[in-house]
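Each chain, letter by letter, is given below.
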Amino acid sequence: MLRGQKALVTGANSGIGLATAVALGRAGADVVVNYVFGQEAAEDVVRQIRGFGVRAFACEADVSDERQVVGMFARMLEEFGTIDILVANAGLQRDAPVTEMTVEQWHKVIDVNLTGQFLCAREATKEFLRRGVVPEVSRSAGKIVCMSSVHQIIPWSGHLNYAASKGGVLMLMQTLAQELGPHGIRVNAVAPGAIRTPINRSAWETPEAEAELLRLIPYRRVGDPDDIAAAVTVLVSDLMDYVVGTTLFVDGGMTLFPGFATGG
Ligand code: NAD
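This structure is a prediction, so every number in the text was calculated from the model and none was measured.

Definitions and limits used
Residues numbered from 1 in each chain as written. Predicted model: local features only at pLDDT ≥ 70, side-chain atom pairs only at ≥ 80, totals over all residues. Heavy atoms only, no water. Helix = DSSP H or I, 4+ residues; strand = E, 2+ residues; numbered from the N terminus. Rg over C-alpha atoms; globule rule 2.2 N^0.38 Å. Buried < 20%, exposed > 50% of the residue type's maximum accessible area, 1.4 Å probe, protein only. Areas by Shrake-Rupley, 256 points an atom, 1.4 Å probe, with all protein chains shown as cover. Lys, Arg positive; Asp, Glu negative; His and termini not counted. Charge placed at Lys NZ, Arg CZ, Asp CG, Glu CD. Pairing = 2+ DSSP bridges. Axes fitted to C-alpha atoms, helices over the stretch in contact; angles between N-to-C directions. Contact = heavy atoms within 4.5 Å. Expected span 1.5 Å × (residues − 1). Near = heavy atom within 4 Å. Polar contact = N/O pair within 3.5 Å; in protein donor to acceptor, adjacent residues only side chain to side chain. Parallel < 35°, antiparallel > 145°, perpendicular 65-115°, else oblique. Left-handed = near helix turned anticlockwise from the far one by under 90°. Nonpolar A, V, L, I, M, F, W, Y, C, P; charged D, E, K, R; others polar. Patch = residues over 30% accessible without salt bridge, like charges linked within 9 Å, V, L, I, M, F, W, Y side chains within 5 Å. Salt bridge = Lys/Arg side-chain N within 4 Å of Asp/Glu carboxyl O.

1. Some thoughts on the overall build of the protein
Here comes step 1: When helices and strands are tallied, the protein shows eight helices and seven strands.
Here comes step 2: The C-alpha radius of gyration computed for the protein amounts to 18 Å, which stays within 12% of the reference 18 Å derived for 264 residues, consistent with globular compactness.
Here comes step 3: Principal-axis analysis of the C-alpha atoms places the extent of the protein at approximately 50 × 35 × 35 Å.
Here comes step 4: For the protein, with 264 residues in total, the buried portion stands at 52%.
Here comes step 5: Within the structure as shown, the protein displays about 12300 Å² of accessible surface, and the carbon and sulfur contribution to it stands at 56%.
Here comes step 6: Of the charged side chains in the protein, 23 are positive and 29 negative; the average position of the first set lies 5 Å away from that of the second.

2. Some remarks on the pairing of strand β6 (residues 185-192)
Strand residues, when the strand is regular, have side chains that alternate between the two faces of the sheet.
Here comes step 1: Along β6, eight of the eight residues are buried, which leaves the element largely enclosed by surrounding structure.
Here comes step 2: Taking every second residue as pointing to the same face, both faces of β6 are buried, with Ile-185, Val-187, Ala-189 and Ala-191 on one and Arg-186, Asn-188, Val-190 and Pro-192 on the other.
Here comes step 3: Two elements, strand β5 (residues 142-147) and β6, share six bridges in a ladder whose sense is parallel. Bridge assignment links Ile-144 to a residue of β6, and that residue is Val-187.
Here comes step 4: Sheet topology note: the β6/strand β7 (residues 247-250) ladder contains four bridges and is parallel. Residue pairing in the sheet places Ala-191 in a bridge with Phe-249 of β7.

3. Looking at the sheet that holds β7
Here comes step 1: The strand order across the open sheet built from seven strands is β3-β2-β1-β4-β5-β6-β7, with neighbouring strands paired in parallel fashion. Either end of the sheet is taken by a strand with one partner, and the two such strands are β3 (56-60) and β7. When the angles between neighbouring strand axes are averaged without regard to direction, this sheet yields 20°.
Here comes step 2: Sheet contacts for helix α8 (residues 225-236): β4 (85-88), β5, β6 and β7; angle to β6, the most-contacted strand, approximately 165°.

4. Describing helix α1 (residues 15-26)
Here comes step 1: Spanning 12 residues, α1 covers 17 Å between terminal C-alpha atoms, matching the ideal 16 Å at 1.5 Å per step.
Here comes step 2: With 10 of 12 residues buried, α1 lies mostly within the body of the structure.
Here comes step 3: Residues Gly-15, Ile-16, Gly-17, Ala-19, Thr-20, Ala-21, Val-22, Ala-23, Leu-24 and Gly-25 constitute the buried set of α1.
Here comes step 4: Directly beyond the C-terminal end of α1, a positive phi value near 110° is found at Gly-28.

5. Brief notes about the site of the ligand
Here comes step 1: In the vicinity of the ligand, 28 residues are found, and the nearest of them are Asn-13, Ser-14, Asn-89, Tyr-162 and Thr-197.
Here comes step 2: In the model, an oxygen atom of the ligand is placed 2.5 Å from a nitrogen or oxygen of the Ser-14 side chain.
Here comes step 3: Ile-195 has a polar backbone atom sitting 2.8 Å from an oxygen atom of the ligand.
Here comes step 4: For the ligand, the protein covers 93% of the area, taking 830 Å² as the surface of the free molecule.
Here comes step 5: Mapped onto the shell around the ligand, the elements with two or more residues apiece are α1 and α5 (160-180).

6. Observations concerning the packing of helix α4 (residues 103-131) against α5
Here comes step 1: The contact between α4 and α5 brings their axes to 8 Å, and the two run at 15°. By the angle between their axes, α4 is roughly parallel relative to α5. The handedness of the crossing between α4 and α5 is right-handed. Where α4 approaches α5, its residues Gln-105, Trp-106, Val-109, Ile-110, Asn-113, Leu-114, Gln-117, Phe-118, Ala-121 and Thr-125 are matched on the opposing element by Leu-160, Asn-161, Tyr-162, Ala-164, Ser-165, Lys-166, Gly-168, Val-169, Leu-172, Leu-176 and Leu-180.
Here comes step 2: In terms of residue class, the contact of α4 with α5 is made up of 13 nonpolar, seven polar and one charged.

7. Concerning a nonpolar patch on the surface
Here comes step 1: Together, Val-98, Val-103, Trp-106 and Leu-160 line one region of the surface with nonpolar side chains, adding up to about 360 Å² of accessible area.
Here comes step 2: When you line up the elements, Val-98 lands in the loop between β4 and α4.
Here comes step 3: On the basis of relative accessible area, Val-98 is assigned to the exposed category, the value being 59%.

Laid out in structure tokens, this is it:
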């Protein structure tokens, strides 16, 4: 489905990014596995992807650091020649009630979750514009997927910085889609609900916590990273060539106001 395309996935040595990098490789893309720490895990992902007969390498870079992001793209262009797909996935949480939230916690989350996506999207776009459409490879000049969250629309007490960053990702994605559409570049977001990864371990780790979480999910199951990876893979393929500036919610119905299921 993606044979001959070159993909970069940020935060690809854990959780959703890992599953997405593997899925893109399985679909035929060559993949850059970005990570900020955990080289061993990143090399494992690279080995898995190479097992599909495509190319892959691990690239350490902090997505919130402009110099490191520019360096990562330079290396990708040197090794793969170009980029067709960016999955801006790297993200983190630094939770606290508002009165206890430090400005460091605020900045860390905004820097990684929002500025990191801006920096990676900017660098990918430069190459998409330089190269343009190559019809044998894809109908579009490039695809960007912003990893968002149901919290781009659901407020989340105790997670002010995170919710603000994902609300920002929505406007980042829509504005990029509007600005870059005329150049044949497709920008979209995927908004996961509750997915079983290290970022939210406490929410599903015990049976009690999981039962509590399931009350928020009409489909009554916690998602797996592969649920998101599958959505990203189809979204960046030419099957979805007319999908521009949209958020694909992959959330088991979490955004359906489940509190109203019994009358509200
Ligand atoms: P995770 O903690 O398993 O993975 C996050 C990845 O981002 C890790 O590889 C981490 O090393 C990387 N990362 C963190 N800071 C970085 C930086 N400065 N530079 C480069 N990489 C960095 O969590 P996950 O659940 O897989 O999260 C991936 C994305 O999905 C995040 O954007 C998160 O907000 C989003 N998301 C997750 C859920 C969920 O339920 N798990 C729900 C909605 C959205």
